[in-house]
Amino acid sequence: MTRVTTATLLLLPLTLSAAEPVRLVVPLRGGPLLLDLYLTLDGRPYEAGRNELVDEMLTLADEDGDGVPTWGEAVLNPRFPFNLSRQRQLVQQFDGNRDTRMDREEAKALLERYGGGPALNVSARSPAAFNASILSLLDVDDDEVLSAEELATAAVRLRVHDLDDDGLLAATEVLGQRQQTYTPGQRILRRPNGQSTMAGTSFVWNAENGTNLAREILSRRYGAGHRVPKAAWPTHTDLFDALDTDGNAVLENEEFAGLRTADAHLTVSVAIGNTEAGPVGVQVTGVSDPVERDGVRLEDRSQSVRLERARTGIVLQAAPDRASPDYSQTAANVLRLGDTDKNGYLESDELEKSRSQQYLVQRFDEFDADMDSKIFPEEIEAFYERQQAPRNTQVTIVVSELQPTLFDGLDVDGDRRLSVRELRNLPSRFAELDVNGDGRIGPDELPGETTLSFGRSSLANFQRLTPPNGPNASTFRGGGVRTGGPKWFVAMDVNGDGDVTPREFVGTAEQFGTLDTNEDGFVDADEARAATASR
């Protein structure tokens, strides 16, 4: 693996790393991307907090202090989480070897089952994004492919939809206010070549997942539910060849196991959680030779890193924590309702008289940490913090795969509108999209975007980070929206697209020609500034 430095990539100067990497498999168009993730939570390896919770459970299950945690002791201990005293069937469910002892793996399994899941959780998000798929508008014969004839008439067919005649084709003018949502991992998109794709089906390779899950997900994604042919991984041929041990150009069941040991395409350090332990962010520390040969480009965007490959934008981003709940206020409210003698703590006889506090009567021993038959505000706060601890020690990776659209491929400046310039440049844009040079454009040639957001499960602000409106920064973006210019230029640019057309220009054709120094049929902000400066 070729190592790349932080200085080379202009990424965040992270120094913390987890002890062991997590192998994440991200199915993309052209083949899966393999990432080795060094995850830290609050400045420590991400599993450290969860392991401490398991230690606490084993301690509580060893009430007599003989060094042997047992399920019987856990049942009798009112401080043991998950209310085992009222759910004795759990003992039979999790005491797998029936030896009555609680070992570490059994405690871990119980915590995962009733504490919100494993220490690392991978989920998919279904963004309700506007999907202006003008492919369906231009695809006259409805074969999901734009032929040379359909491409030649595209500009004329699109201009008809400029309903307000402002020279701009807004996304809403293409297909009205239609909203299209889809659920990653559930919706299967059929392609003309018989290949199907499943969105959002990334997974972590571990003992529980392993080869069976890899085979199920990847065969459905790339092989229509059957064996995966080499042709399905055109941009990941190096990986395919490494897995295809018998060299028959097809991946059989046992060959998927090689995904666990194959060289990662990217090595990434991700720091999330408490910012006092170090900066929150993402750092790419290694890029494989195949990815570098593919002309990959990495960009630093504060807490995120963007990778562009095989017409798919891949964003890796760290979600900051939101403010923690104020349990001191919760404790104050509980005390206000139950402390009838106003002595600053709760007693069982006070609670029994209050109908609204019966849950405290039932769980008195859980709140009463020092077993002195009194519940103080600090014990109430500690109880709720313990309740939240499993989720606070869990990391979630949210995968958002946005469906590729032709609109995003043509919208060069990403402003959700097609300008006069963009419509005029359709032939050159179509040529860029036509990857195989056959004069046609199919669904697999459209730009897409996949976002991987990392955060603490209970507090991460994933909503703020997830792109809301499709791949607005795809491989084909030619820069930001053109803005600025002299006052006269801004006033003439009626539709605000950054260009003044002959239709918008207030003056003679001769004056327009003088300003349009590059003779492209537009006066842009740079030409306007140059003309103003020369006066």
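First, a word on what this report is: a plain description of the structure on this page.

Criteria and cut-off values
- Residues numbered from 1 in each chain as written.
- Predicted model: local features only at pLDDT ≥ 70, side-chain atom pairs only at ≥ 80, totals over all residues.
- Heavy atoms only, no water.
- Core = buried A, V, L, I, M, F, W, Y, C linked by side-chain atoms within 4.5 Å.
- Buried < 20%, exposed > 50% of the residue type's maximum accessible area, 1.4 Å probe, protein only.
- Helix = DSSP H or I, 4+ residues; strand = E, 2+ residues; numbered from the N terminus.
- Salt bridge = Lys/Arg side-chain N within 4 Å of Asp/Glu carboxyl O.
- Pairing = 2+ DSSP bridges.

Details of the nonpolar core
Now for step 1: In this structure, Leu35, Leu37, Val268 and Phe454 are the most contacted members of the largest nonpolar core, which totals 31 residues.
Now for step 2: If you list the elements that add at least two residues to this core, you get β2 (22-28), β3 (31-41), β12 (266-272), β13 (281-287), β15 (304-309), β16 (312-318), β17 (395-402) and β19 (448-456).
Now for step 3: At five residues, the largest contribution of residues to this core is made by β3.
Now for step 4: Grouped together as the second largest cluster of nonpolar side chains are 22 residues, Leu137, Leu151, Leu406 and Leu418 included.

Things to note about the pattern of salt bridges
Now for step 1: Inspection of every chain in the model, using the stated rule, returns 14 salt bridges.
Now for step 2: The residue arginine 227 makes a salt bridge to glutamate 252 at a minimum N-O spacing of 3.0 Å. Linking arginine 227 in the loop between α10 (210-222) and β10 (228-229) with glutamate 252 in the loop between β11 (250-251) and β12, this pair joins segments that are 25 residues apart in sequence.
Now for step 3: Looking at glutamate 252, the relative accessible area reads 14%, which means it is buried.
Now for step 4: Across the pair aspartate 241 and lysine 230 runs a salt bridge, and its minimum N-O distance is 2.9 Å. Taken as a pair, aspartate 241 in helix α11 (residues 237-243) and lysine 230 in the loop between β10 and α11 lie far apart in primary sequence, eleven residues in all.
Now for step 5: On the accessibility criterion, aspartate 241 (42% relative accessible area) is partly exposed.
Now for step 6: Ionic contacts of the salt-bridge type, sharing partners, join the residues Asp42, Asp321 and Arg456 into one network.

Some details on the pairing of β16
Along any regular strand, the residues point their side chains to alternate faces of the sheet.
Now for step 1: With respect to burial, β16 is a largely interior element, seven of its seven residues being buried.
Now for step 2: The side-chain alternation of β16 yields two buried faces, one formed by Thr312, Ile314, Leu316 and Ala318 and the other by Gly313, Val315 and Gln317.
Now for step 3: In the sheet, β15 pairs with β16 via six bridges, with the strands oriented antiparallel. Bridge pairing links valine 305 to leucine 316 in β16.

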